[in-house]
Amino acid sequence: MGWKSKLCTVLLLLSVLLAVNASLDYTEKDPELKQCKDQCRHQRSFDQQQRQHCEQRCDDYIKQKRKQEKQQREGGEGGTSFNKYDQEQQQQQQQQNPYLFEDEDFETEIETEQGRVQVLQKFTEKSNLLRGIENFRIGVLVTKPHSFIAPHHLDADCVLFVFQGRPTITMVRGEKRESHDLERGDILRVPAGTPVYMINRDENEKLIIVELLHPVSLPDHFEAFYEGGGEKPESFFKAFSREVVEAAFKTETDELEKLFRQQRQGRIVRASKQQIEKLSHPTRHGREGFWPFHGDEPSTPISTSSKTGPFNLFKKHPSQSNQHGRLFEADSDDFEQLKDLDLRVSFANITRGSMTALQFNSRSTKIAFVLDGEGFFEMACPHLASQESSQQQTSDRPRYQNVRGDLRRGAVFVVPAGHPLTTIASRKGNLQVICFEMNAKGNVKFPLAGKKNVVSQFEREAKELAFGVPVTEVDRIFNKQTGEFFLEGPNNQEQGRLWSVV
Amino acid sequence: MGWKSKLCTVLLLLSVLLAVNASLDYTEKDPELKQCKDQCRHQRSFDQQQRQHCEQRCDDYIKQKRKQEKQQREGGEGGTSFNKYDQEQQQQQQQQNPYLFEDEDFETEIETEQGRVQVLQKFTEKSNLLRGIENFRIGVLVTKPHSFIAPHHLDADCVLFVFQGRPTITMVRGEKRESHDLERGDILRVPAGTPVYMINRDENEKLIIVELLHPVSLPDHFEAFYEGGGEKPESFFKAFSREVVEAAFKTETDELEKLFRQQRQGRIVRASKQQIEKLSHPTRHGREGFWPFHGDEPSTPISTSSKTGPFNLFKKHPSQSNQHGRLFEADSDDFEQLKDLDLRVSFANITRGSMTALQFNSRSTKIAFVLDGEGFFEMACPHLASQESSQQQTSDRPRYQNVRGDLRRGAVFVVPAGHPLTTIASRKGNLQVICFEMNAKGNVKFPLAGKKNVVSQFEREAKELAFGVPVTEVDRIFNKQTGEFFLEGPNNQEQGRLWSVV
Amino acid sequence: MGWKSKLCTVLLLLSVLLAVNASLDYTEKDPELKQCKDQCRHQRSFDQQQRQHCEQRCDDYIKQKRKQEKQQREGGEGGTSFNKYDQEQQQQQQQQNPYLFEDEDFETEIETEQGRVQVLQKFTEKSNLLRGIENFRIGVLVTKPHSFIAPHHLDADCVLFVFQGRPTITMVRGEKRESHDLERGDILRVPAGTPVYMINRDENEKLIIVELLHPVSLPDHFEAFYEGGGEKPESFFKAFSREVVEAAFKTETDELEKLFRQQRQGRIVRASKQQIEKLSHPTRHGREGFWPFHGDEPSTPISTSSKTGPFNLFKKHPSQSNQHGRLFEADSDDFEQLKDLDLRVSFANITRGSMTALQFNSRSTKIAFVLDGEGFFEMACPHLASQESSQQQTSDRPRYQNVRGDLRRGAVFVVPAGHPLTTIASRKGNLQVICFEMNAKGNVKFPLAGKKNVVSQFEREAKELAFGVPVTEVDRIFNKQTGEFFLEGPNNQEQGRLWSVV
């Protein structure tokens, strides 16, 4: 923790500086950034390690500052993303929605001609309220048709979902090699440290994969290790010293240099039609023993154990389905690979203009990624309210704050356990969302409106005592909506006022 | 972590301020508090989120300050709670007992005419030495006879112990409703997120319930979500926007407003004799199919699976029993609901003037809540000593510090694994304590005095080498006390000196 | 967390001070230390608890400072431990190798005539990059022949490995006593809180034991509790008050004082030939019922359940073996006691001048302790690189940093999951290393050079696409080395340049 504490010293000087110099404008080379980093460098008590952390923090600060200033500008112009709200709520939304992530919250890890990988910032960088899921990260992979993702391994477990494209993934497991042709709807677990490469064998369609990552070496950070490569990407073999690699490979360095110099196109490259063909359906090749012509060694048999293969979400009967939407779910009973992560993966397709019934998960915290469509979610959150002022904690009112976020393709939102939620699809088209739910074991979904809603299950006297009205009043309202899970949405989506404060 | 680091900047300015202005007196509106919060508001680099944390920290600081000043005053007057100690120890006790919690360490979450709920502060707020149990919280529920606790769910697992009163608890589990008439000694697990309501069906006796809570969404913080309510308590339904609830309930807002406006009495209300009757023994009603008259829907059958039912601690044979006290214990072998929390629950009734033999738990850290009586505990703690000065760490003496705390109804004390402990009941009456023990699996209780004490089991030569005296000397002392677990207490409880430093 | 934040205020003032007074020289009584601690004492908002943490932090800071100054001096003189490196790398190594620990990173817990116990600093004190293993500690016990380690228990689970000497360990388990004669190669689990004492029954050889510790009460800190003792060591019984011990033992204090006063020799004392004999092979004695003459009570039967007994690493067939080295491994399948810690223990004996093939663990982070010999390790680390500057994160090059450390007896190095590593033995003699590997379950060792190396298992097209060269080029290099796991080492170990940057 040492460096953290020391860090403060720097951030103090920084903020003092701010107070003095508050009108400073942001530019690509923000003077604040320079000053902040200078502070880092002049801390005699810092070792290199700490200095790096310190400077990184400076970058984070500037980034954060830029984002806030952007929001303030938008706010000033009446707001783009929150124009449904009166001014007060607008502020609240902009500054107090720690559960919604948008484009600027992603960092681009890879970007080449052929595709890119983006990783969502650490949840705890957004808000301390997300520390319960700080050990998970979200990533997105998008590539052009006929692309090849270079061989690498991650120091993180990965659960991937194929939303679009037709990838073939090849993993080296111990002394076996294993390949799977994947398609839309497939879930697959890539165990931490597994060397893996992938193609998009589709000629026309982009590949879109969403990944949940669970680092194994550091709690909240992971890295990619590239076996192959040259100038670009750099292979980790290049990090070793001359004499070590010469001995390891029984090879002169200049030979090695030849090999590790050619590749210049980066981690995602274009593959030829023929290469794609060869790298597809390797299981068929395998069975027909075409290997010799592939230059594979007999020591590399092929396995296609279903225990390690994919699971297709869409081939399972939907757990909820009506004209307003469909829900597909898989947990460890369906797919053993989800067991040790205690995970459920679900795909919701909400019909245009429809909504999910108010409900909550008893144990699971949900990370949702919007794959397509537009809409918004609303959630009741007591945690935000309870932070606002500890004085009021002793009063007899929990204040549930309305957390609302606009959803569009690529948005991520987090729904903590116990929090009542509803998701609404705009009238423009269906809203498609892939969800990763933690603590899946023993979780129960409790509906709060529509059929089987919780309140309707209370006893007569409980209803009366809870609401202070005759039970008939309670029942009339809670029994009126007869739909289940997916309901018809609100007619007017432009109206954001809270009914209860009218 | 960003906000934490930035926070420091504020606390610095605050403490500088303190140095300058050290004679400041505390008042309800402490100027320091104002200044501290101003600092928070003027941090340009803070978003709303961080600002809230910052201000909360200010409140904590002031609270802490008030408490310390209170102690100092008491200390000055010769001390009320520590008057058994010479001045030096007094200071030590006041400032260095992170293992004892008293009234001022509780926060009142609910307070109505009919009852109240109090929750103990986070353990890590008291001391970093308690970070091993930071994921657990302690709560107490006290209500008048014939009271009703409104339906709600928590984002925490809860293990409750009924000390007094006759509650009936009703839980909604998935599509089933389940009710249990509880009595003194019952333990029950309420899974996280389970909608629950409760009555005290006793006409005369107060209800007293002690709860261990294990948050599932945030590691160390939980909130209550109220399904019902009106003005008071507020229902979480009110957090949603007009168009959303109208669509969800297929109901006009003004109708909803009527329903959600009536209740004004808060989360714990008085129930009529008739309502209590109806809400009691629902299992019997259930069997006899009286439901129609209860307005229950057929879709709500009743389950009383013993897997989800209560376990009565007092109906089990005591694991220790003599004229000096009795111990009742339950672990996951007795009660499966304790398994995933790896928990043991035990109830000790120490006879007036008696004590527990010195002993320690091999793995379990124990959280003890004093239900009745008075007395004190003594514990030997090397962690406190080792913090005092790291210079001495290289010397060849671990210094075990005497940690002593006065016990009275409502006090909580924590006993870390491995720490030798004894608890003494005053001569005024029996001391009754309920204990929650973590890491129960594989835990062993090692007696250090009386029958089967650890030292008596060493080999002859080990005793000689350990104490540097003839084995007969060792045996004479360690075999003299023939009592087991509960022993006769000290004649003179007014004497606090450490014998070894005489 | 309160104290941490407040701490910053102090460290700030300290560092300001530093800026002003940067030329200050270090002396045993460093004025900075005094000033730092003064700052701690004058924080009105600190309670005793926080003050201690604060002062401890001051000590840590000074310690750190001293170490860095030492390194700078060495660096200035051309460096002792890093003289294989050009100046730039030298700096890097000295300041940026968070994975290597040497003598000054150990703290001496015990030191007597007869022996000593040393514990490695917390991993997170060295670097935040090690937070993934912060719950583990490393300890070393070294004693003379015929020594006795006094009875005590730890609030930590302990897995010990006997490298040298012939210890007999005796544990009290519940109401049973259990003894084991151990020898070179034995692994044994001592459960947290188990009272234990030990002898080195060898007349000539030193006892050398390496321990992995897993604290149960605090995540990263443990303490020893001594049942016996007198002046030195101090027994924890001395921490209790007069009236309490008198009642507990039914004995006058002055008698207790006599008993707890004699021992002055500390926690590791010399035992007589006769005492050693009696404390050895207690199982044989047990069976032949010699106890009465040992003064043992019938209530102390002897158990030698194999479930609790030792496992000898060297009696298992080596998992790797050739003229360049041998590897012995044990996991929970071999030795159930490793199961709940999810641990693998392995011993590598690398022949002089040999090396381990480049490889990585898929899930396991490894803590390695050098028992004998000299050499060095090289590792490719992307985490260090990624910290250096977050700007470059968006560029398409992961930069793998060369982490190299000189190894000598007593050195500890950490290898995070996924990180390619090679260990090289000097020509002077064999390099012997004991390794503790976390997250053992499902871990796979992936070779990166020699037989079965990962790259050779890629398909022809994958090789071409990864390296951008004809597959024959790739195969020629990756198939040349036919050795497995242990390989012939580099001829010239004096050359440290990175081949790839030539």
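Criteria and thresholds
Sequence order sets the numbering: in each chain, residues are counted from 1 along the sequence as written. Labels are handed out in written order, letters beginning with A for the chains and numbers beginning with 1 for the ligands. Side-chain atom pairs in this predicted model are given and counted only at pLDDT of 80 or more, local residue features only at pLDDT of at least 70, and totals for whole chains, interfaces and linings cover all residues. Computation of side-chain values covers all heavy atoms of the structure but excludes hydrogens and water. For helices the rule is a DSSP run of H or I covering at least 4 residues; for strands it is a run of E covering at least 2, with both sets numbered from the N terminus onward. Burial classes follow relative accessibility: with a 1.4 Å probe on protein chains only, a residue under 20% of its type's maximum area counts as buried, one over 50% as exposed, and anything between as partly exposed. Using a 1.4 Å probe, the Shrake-Rupley method yields the accessible areas, and only the shown protein chains count as cover for residues. Helix axes use the C-alpha atoms of the stretch in contact, all axes being lines fitted to C-alpha atoms, and the angles between their N-to-C directions lie in the range 0 to 180 degrees. Any angle that is under 35 degrees is reported as roughly parallel, and any over 145 degrees as roughly antiparallel; angles of 65 to 115 degrees are reported as roughly perpendicular and all others as oblique. Contact between two residues is taken to exist if any of their heavy atoms lie within 4.5 Å; hydrogens are not considered. Residue polarity follows a fixed list, in which Ala, Val, Leu, Ile, Met, Phe, Trp, Tyr, Cys and Pro are nonpolar, Asp, Glu, Lys and Arg are charged, and the others, Gly among them, are polar. Per residue, pLDDT measures the predictor's confidence, with a range of 0 to 100. Only strands that DSSP links by at least two bridges are regarded as paired with each other. UniProt positions are given in the numbering used here, feature names are shortened, and annotations may be inferred rather than shown by experiment. Only Phe, Tyr and Trp rings are paired, with Trp represented by its six-membered ring, and only when their centres lie within 6.5 Å; those with planes under 30 degrees apart are stacked, over 60 edge-to-face, the remainder tilted. For a lysine, the NZ atom is tested; for an arginine, the CZ atom; a charge sits over a ring if that atom is within 6 Å of the ring centre and within 35 degrees of the ring normal. What qualifies as a polar contact is a pair of N or O atoms within 3.5 Å, subject to a donor-acceptor requirement within protein and to the restriction that residues adjacent in sequence count only when both atoms come from side chains. Both site types are read off a 1 Å grid over the protein atoms alone. A 1.4 Å probe that fits but cannot get out defines a cavity, while an open set with protein on both sides within 12 Å along at least five of seven lines defines a pocket; lining residues have an atom within 4 Å of a point. Grid points are joined across faces, edges and corners, and a volume is the space filled by probe spheres set on the points.

**Thoughts on the overall build of chain A**
Part 1 of the reasoning: Helix and strand counts for chain A come out as twelve helices and 27 strands.
Part 2 of the reasoning: A buried classification covers 66% of the 502 residues belonging to chain A.
Part 3 of the reasoning: For chain A, the accessible area works out to roughly 18,000 Å², and carbon and sulfur atoms hold 48% of it.

**Let's talk about the packing of helix α11 (residues 460–467) of chain C against helix α12 (residues 471–478) of chain C**
Two quantities define a packed helix pair, namely the angle between the axes and the distance from one axis to the other.
Residue and element names in this part refer to chain C.
Part 1 of the reasoning: Running from N to C, α11 and α12 point in directions that differ by 95°, and their axes come no closer than 8 Å. As judged from the angle between their axes, α11 and α12 are roughly perpendicular. In this structure, α11 contributes Arg460, Lys463, Glu464 and Phe467 to the contact, and α12 contributes Val471, Val474, Asp475 and Phe478.
Part 2 of the reasoning: Each residue belonging to the contact of α11 with α12 can be placed in one class, and the counts come to four nonpolar, no polar and four charged.

**Looking at the confidence of the model for chain A**
Residues and elements named next belong to chain A.
Part 1 of the reasoning: When the pLDDT values of chain A are averaged, the result is 81; 71% of them are 70 or greater.
Part 2 of the reasoning: Confidence drops under pLDDT 50 across residues 1–29; counting only partners more than four residues distant or on other chains, this segment forms 65 contacts.
Part 3 of the reasoning: Low pLDDT, under 50, characterises residues 389–397; the predicted model gives this stretch 23 contacts beyond four residues in sequence or across chains.
Part 4 of the reasoning: ipTM for the predicted complex: 0.79, alongside a pTM of 0.81.

**Notes on the sheet that holds strand β6 (residues 156–164) of chain C**
Part 1 of the reasoning: The seven strands are arranged β2-β3-β4-β11-β6-β9-β14 (chain C) in an open sheet whose pairing can be described as antiparallel. Unpaired on one side and paired on the other, β2 (106–111) and β14 (311–312) of chain C mark the two borders of the sheet.

**Brief notes about the pairing of strand β7 (residues 167–173) of chain B**
All names here are of chain B.
Part 1 of the reasoning: Among the seven residues of β7, six are classified as buried, and the element is accordingly described as predominantly covered.
Part 2 of the reasoning: The sheet contact formed by β7 and strand β10 (residues 196–200) spans five bridges and is antiparallel. Opposite Thr168, over in β10, you have Ile199 as the bridge partner.
Part 3 of the reasoning: The sheet contact formed by β7 and strand β8 (residues 176–181) spans six bridges and is antiparallel. Paired with Met171 across the strands is Glu178, a residue of β8.
Part 4 of the reasoning: Between β7 and β8, which pair antiparallel in sequence order, lie two residues; one of them, Gly174, sits at a positive phi of approximately 55°.

**Quick word on the UniProt feature "domain: Cupin type-1" (unreviewed entry) in chain A**
Part 1 of the reasoning: UniProt marks residues 127–257 and 311–475 of chain A with the feature "domain: Cupin type-1" (unreviewed entry), using the numbering shown here.
Part 2 of the reasoning: Taken as a whole, residues 127–257 of chain A contains 10% helix and 45% strand, while its terminal C-alpha atoms sit 46 Å from one another.

**Some words on the packing of aromatic side chains**
Aromatic rings in a pair are described by how distant their centres are and how their planes are angled relative to each other.
Part 1 of the reasoning: Evaluation of the coordinates by the stated rule reveals 60 aromatic pairs over all chains.
Part 2 of the reasoning: Summarising the aromatic geometry, the rings of Phe236 of chain C and Phe237 of chain C are spaced 4.9 Å apart at their centres and angled 40° between planes, so their arrangement reads as tilted.
Part 3 of the reasoning: Residue classification places Phe236 of chain C among the buried residues on the basis of a relative accessible area of 0%.
Part 4 of the reasoning: Put simply, the rings of Phe225, Phe236, Phe237, Phe249 and Phe260 of chain A together with Tyr400, Phe467 and Phe478 of chain C touch in pairs and so form one group of aromatic residues.
Part 5 of the reasoning: A cation sits over an aromatic face here: Lys126 of chain B above Phe101 of chain B, 4.8 Å from the ring centre.

**Structural notes on the side chain of Thr422 of chain A**
Part 1 of the reasoning: With respect to the secondary-structure elements, Thr422 of chain A resides in strand β24 (residues 421–425).
Part 2 of the reasoning: Here Thr422 of chain A falls in the buried class, since its relative accessible area comes to 0%.
Part 3 of the reasoning: Looking at Thr422 of chain A, its side chain comes within polar contact range of the main-chain oxygen of Thr356 of chain A, at 2.7 Å.
Part 4 of the reasoning: Apart from the residues lying within four places of it in its own chain, the contact partners of Thr422 of chain A are Met355, Thr356, Leu358, Phe376, Phe377 and Glu378 of chain A together with Phe240 and Val244 of chain B.

**What about the sheet that holds strand β6 (residues 156–164) of chain A?**
Part 1 of the reasoning: The seven strands are arranged β2-β3-β4-β11-β6-β9-β14 (chain A) in an open sheet whose pairing can be described as antiparallel. The sheet terminates laterally at β2 (106–111) and β14 (311–312) of chain A, the two strands that pair on one side only.

**Some words on the environment of Ile434 of chain C**
All names here are of chain C.
Part 1 of the reasoning: Within the secondary structure, Ile434 is located in strand β25 (residues 431–437).
Part 2 of the reasoning: Residues Ile434 and Glu257, spaced 177 residues apart in sequence, show a C-alpha to C-alpha distance of 44 Å.
Part 3 of the reasoning: Residues in contact with Ile434, not counting those within four places in the same chain, are Phe161, Val210, Leu313, Val345, Ser346, Phe347, Ile367, Ala368, Phe369 and Leu371.

**A closer look at empty space enclosed by the protein**
All names here are of chain B.
Part 1 of the reasoning: The final tally for this structure, using the stated rule, is 14 cavities of 30 Å³ or more.
Part 2 of the reasoning: Size it by volume and the largest cavity reaches roughly 240 Å³.
Part 3 of the reasoning: Lining the largest cavity are 21 residues, with Thr356, Lys366, Leu421, Thr423 and Cys435 positioned closest to its centre.
Part 4 of the reasoning: At the level of elements, β17 (344–350), β19 (359–361), β20 (366–372), β23 (412–415), β24 (421–425) and β25 (431–437) are the ones that each hand at least two residues to the lining of the largest cavity.
Part 5 of the reasoning: Tallied by class, residues from the lining of the largest cavity come to twelve nonpolar, six polar and three charged.

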